[in-house]
Amino acid sequence: MPAKIYTEKDASLAPLKGKTCAVIGFGSQGHAHALNLKESGVNVIIGLYPGSKSRKVAEEKGLKVYDTAEAVKKADVIFVAVPDTKIPDVFNKDIKPNLVKGKTLLFSHGFAIHFKTITVPADVNVIMVAPKGPGHIVRRQYTEGKGVPALIAIYQNADKQAKKIALAWAHGIGGTRGGVLETTFKEETETDLFGEQTVLCGGTSALVQAGFEVLVEAGYSPEMAYFECLHELKLIVDLMNESGIAGMRFSISETAKWGDVKVGPKIIDKSVKKRMKEALKDIQTGKFAKEWVRETKTGYKKFNKLLKDGEKHPIEKTGARLRSLMPWIKKRDIKGQQASYS
Ligand SMILES: NC(=O)C1=CN([C@@H]2O[C@H](COP(=O)(O)OP(=O)(O)OC[C@H]3O[C@@H](n4cnc5c(N)ncnc54)[C@H](OP(=O)(O)O)[C@@H]3O)[C@@H](O)[C@H]2O)C=CC1
Ligand SMILES: CC[C@](O)(C(C)=O)C(=O)O
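Rules behind the numbers
- In this convention, every chain numbers its residues from 1, walking through the sequence in written order.
- Chain letters and ligand numbers both follow the written order, the letters beginning at A and the numbers at 1.
- Local features in this predicted model are restricted to residues whose pLDDT is 70 or higher, and side-chain atom pairs enter the listing and the counts only when it is 80 or higher, whereas totals over whole chains, interfaces and linings include all residues.
- Side-chain measures here rest on the full set of heavy atoms in the structure, leaving out hydrogens and waters.
- Runs of H or I in DSSP of at least four residues are treated as helices and runs of E of at least two as strands, each being numbered from the N terminus.
- It is over C-alpha atoms that the radius of gyration is taken, and the globule rule equals 2.2 Å times the number of residues to the power 0.38.
- Buried, partly exposed and exposed residues are distinguished by accessible area as a fraction of the type maximum, computed with a 1.4 Å probe on protein chains only: under 20%, between the cut-offs, and over 50%, respectively.
- Contacts are assigned to residue pairs with any non-hydrogen atoms lying within 4.5 Å of each other.
- Exposure was quantified through the Shrake-Rupley algorithm and a 1.4 Å probe, taking into account, for residues, occlusion by the shown protein chains and nothing else.
- The rule for a disulfide is simple: a pair of cysteine sulfur atoms within 2.5 Å.
- The rule is short: rings of Phe, Tyr and Trp, with Trp giving its six-membered ring, pair when the centres are within 6.5 Å, and they are stacked under 30 degrees, edge-to-face over 60, tilted in between.
- Counted as over-ring charges are cases with an Arg CZ or a Lys NZ within 6 Å of the ring centre that also lie within 35 degrees of the ring normal.
- The domain limits used here are those given by an automatic or database domain assignment.
- Defined here as a combined quantity, buried area equals the accessible surface (1.4 Å probe) lost by two parts on assembly, summed across both.
- Residues adjacent in sequence count toward polar contacts only when both atoms are side-chain atoms; beyond that, a polar contact is any pair of N or O atoms within 3.5 Å, and within protein one must be able to donate a hydrogen and the other to accept it.
- Here the nonpolar group is Ala, Val, Leu, Ile, Met, Phe, Trp, Tyr, Cys and Pro; Asp, Glu, Lys and Arg are the charged ones; every other residue, Gly included, is treated as polar.
- The near set for a molecule or strand comprises every residue that places at least one heavy atom within 4 Å of it.
- Each residue carries a pLDDT score, the predictor's own confidence in it, on a scale running from 0 to 100.
- Arc definition: it is the arc formed by the directions from the helix axis to the C-beta atoms.
- For every element, the axis is a line fit to its C-alpha atoms; helices are fit only across the contacting stretch, and the angle between N-to-C directions ranges from 0 to 180 degrees.
- Any angle between 65 and 115 degrees counts as roughly perpendicular, while under 35 counts as roughly parallel, over 145 as roughly antiparallel, and the rest as oblique.

For the chain, an unreviewed UniProt entry supplies the name Ketol-acid reductoisomerase (NADP(+)) and the organism Prosthecobacter fluviatilis.

Given below as structure tokens:
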């Protein structure tokens, strides 16, 4: 039986009518949810800590910003849009003391709830609305009249309105335009971590860097290697996104199709699947989460070093030069976000 997909006709903003929605944090997901909801007609306020870099940005977008505790007091629905490993501190200090019966706590990833880094009182709703895409794209697609698909999940349904509120929120951020699927906090957390580690971010970044290195080490120019292994990847993935892998193969040459089906499975072979299964096990047993929390508590040393190494990879310099020749590629201001973590 195929899963039910909620679309525009299944949702309305009525469950959020007359409610104040606080978005705590104004980063990738926070800014996208806040601005999309505001433009959909929802009453949105922002909660941030004093001195937050995001405060000015949110105010410039016309949003009213309060200190986190104040925003929680004022709100009926509270979206916790801060980094997963910072959630316990923010939650225990500013959110939990101001949670009263009837409020709804909303997440866009299940890490804190599933791995029990926080404990929520039983008399509030705990729900999830998780767009299946980066926040900046959730925002961009909404402004273009499109929508990134989203997941909803209910962990606590204290007032029996939790699902209606989740669907309304998903509708307000544009999720029902792309389709909304109901899941559990456990399933979302485990599959999301698996996807970002093995395919979407980790696997793809490593594959692209390896392909680039192999070509450059064989004497081909870095520009050639960049076009082949990174630039064209988007064009091929766009075709997959539009019409599946089979649809992509419709557009590539017969020779490319043969190389795809004959050589591809030798590169991504059974040993890769075996390691993917190991990564999944580490997620399911909580080993990955435990190590990640430890890394954040011991000063992000390994994390910062690995990110810095990535920024120094020669593909970045080559790419920056080539992208500057293509004005239609959106220029993003990512300087602030590349600062080290603390
Ligand atoms: N990035 C994404 O696209 C996705 C993220 N998610 C989930 O969304 C949630 C938010 O992640 P993401 O959007 O990446 O986060 P970001 O790192 O992009 O943004 C974090 C925001 O939280 C603010 N912040 C940090 N500490 C506090 C605090 N103590 N009180 C109030 N605000 C604080 C930051 O302020 P400052 O500017 O001062 O640092 C910043 O505005 C996480 O649960 C994540 O797993 C889910 C799906 C995709
Ligand atoms: C793929 C990374 C992601 O899971 C996402 C954008 O959905 C994240 O947590 O940022």
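That was the structure; now back to the text.
Draft legend 1. Quick peek at the overall build of the chain. In terms of regular secondary structure, the chain is built from 16 helices and nine strands. The C-alpha atoms of the chain give 22 Å as radius of gyration, which agrees with the globular expectation for 342 residues (20 Å, within 12%). In the chain, buried positions account for 38% of the 342 residues. In the chain, 66% of the contacts between residues at least 6 apart in sequence involve partners at least 24 apart. Surface exposure of the chain reaches about 19,500 Å², of which carbon and sulfur atoms provide 59%.

Draft legend 2. Local environment of the state of the cysteines. Overall, the coordinates contain zero disulfides when judged by the stated rule. Note on Cys 229: no disulfide assigned, nearest cysteine sulfur contributed by Cys 201 at a separation of 18 Å.

Draft legend 3. Representation of the packing of aromatic side chains within the structure. In total, this model carries eight aromatic pairs according to the counting rule given. Following the ring pairs from residue to residue traces out a cluster consisting of Phe 107, Tyr 155 and Phe 185. The lysine or arginine in question, Lys 4, covers the ring of Tyr 6, its NZ or CZ lying 4.9 Å from the ring centre. Above the ring of Tyr 142, the side-chain terminus of Arg 177 is found at 4.5 Å from the ring centroid.

Draft legend 4. How the structure looks around the domain arrangement of the chain. You can read the domains of the chain as domain 1 (5-183) and domain 2 (195-324). Its C-alpha centre places domain 1 at a distance of 30 Å from the equivalent point of domain 2. With four residues of domain 1 at the contact, the number on the domain 2 side is seven residues. Summed over both sides, the interface of domain 1 with domain 2 buries roughly 460 Å², with 72% coming from carbon and sulfur. Of all residues in domain 1, Thr 85, Phe 111 and Phe 115 give up the largest surface area on contact with domain 2, accounting jointly for 82% of the area buried on that side. Joining domain 1 to domain 2, the criterion identifies zero residue pairs in polar contact (both at pLDDT 80 or more). Its residues assigned to classes, the side of domain 1 that touches domain 2 shows two nonpolar, one polar and one charged.

Draft legend 5. Quick look at the site of ligand 1. In the vicinity of ligand 1 there are 23 residues, among which Gln 29, Tyr 49, Ser 52, Ser 54 and Asp 84 approach most closely. For ligand 1, the protein covers 78% of the area, taking 910 Å² as the surface of the free molecule. Classifying every residue of the shell around ligand 1 gives nine nonpolar, eleven polar and three charged.

Draft legend 6. Representation of the confidence of the model for the chain in the model. Chain-level pLDDT for the chain is 96 on average; 97% of the residues reach the 70-or-more range. Across the interface, the model reports ipTM at 0.98; the global pTM reads 0.97.

Draft legend 7. Local environment of the site of ligand 2. Gly 133, Pro 134, Asp 192, Glu 196, Leu 200 and Cys 201 make up every residue found near ligand 2. Within the contact set of ligand 2, an oxygen atom lies 3.1 Å away from a side-chain nitrogen or oxygen of Asp 192. Of the residues in the shell around ligand 2, the class split is three nonpolar, one polar and two charged.

Draft legend 8. Just helix α14 (residues 287-297), in detail. Among the residues of α14, Ala 289, Glu 295 and Thr 296 are the ones counted as buried. Taken end-on, α14 shows its buried residues confined to a sector of 125 degrees, consistent with a single buried face. Away from its buried face by more than 90 degrees, α14 exposes Lys 290, Arg 294 and Lys 297. Considering only its buried residues, α14 is in contact with α5 (111-114) and α15 (301-312). In the stretch just after α14, Gly 299 is the one whose phi turns positive, near 95 degrees.

Draft legend 9. A look at the packing of helix α9 (residues 185-200) against helix α10 (residues 202-217). Two numbers describe how α9 lies on α10: the axes approach to 3 Å, and their chain directions differ by 10 degrees. For the element pair α9 / α10, the angle class is roughly parallel. Residues Glu 196, Gln 197, Thr 198, Val 199 and Leu 200 of α9 form the contact with α10, whose participating residues are Gly 202, Gly 203 and Thr 204. Each residue belonging to the contact of α9 with α10 can be placed in one class, and the counts come to two nonpolar, five polar and one charged.

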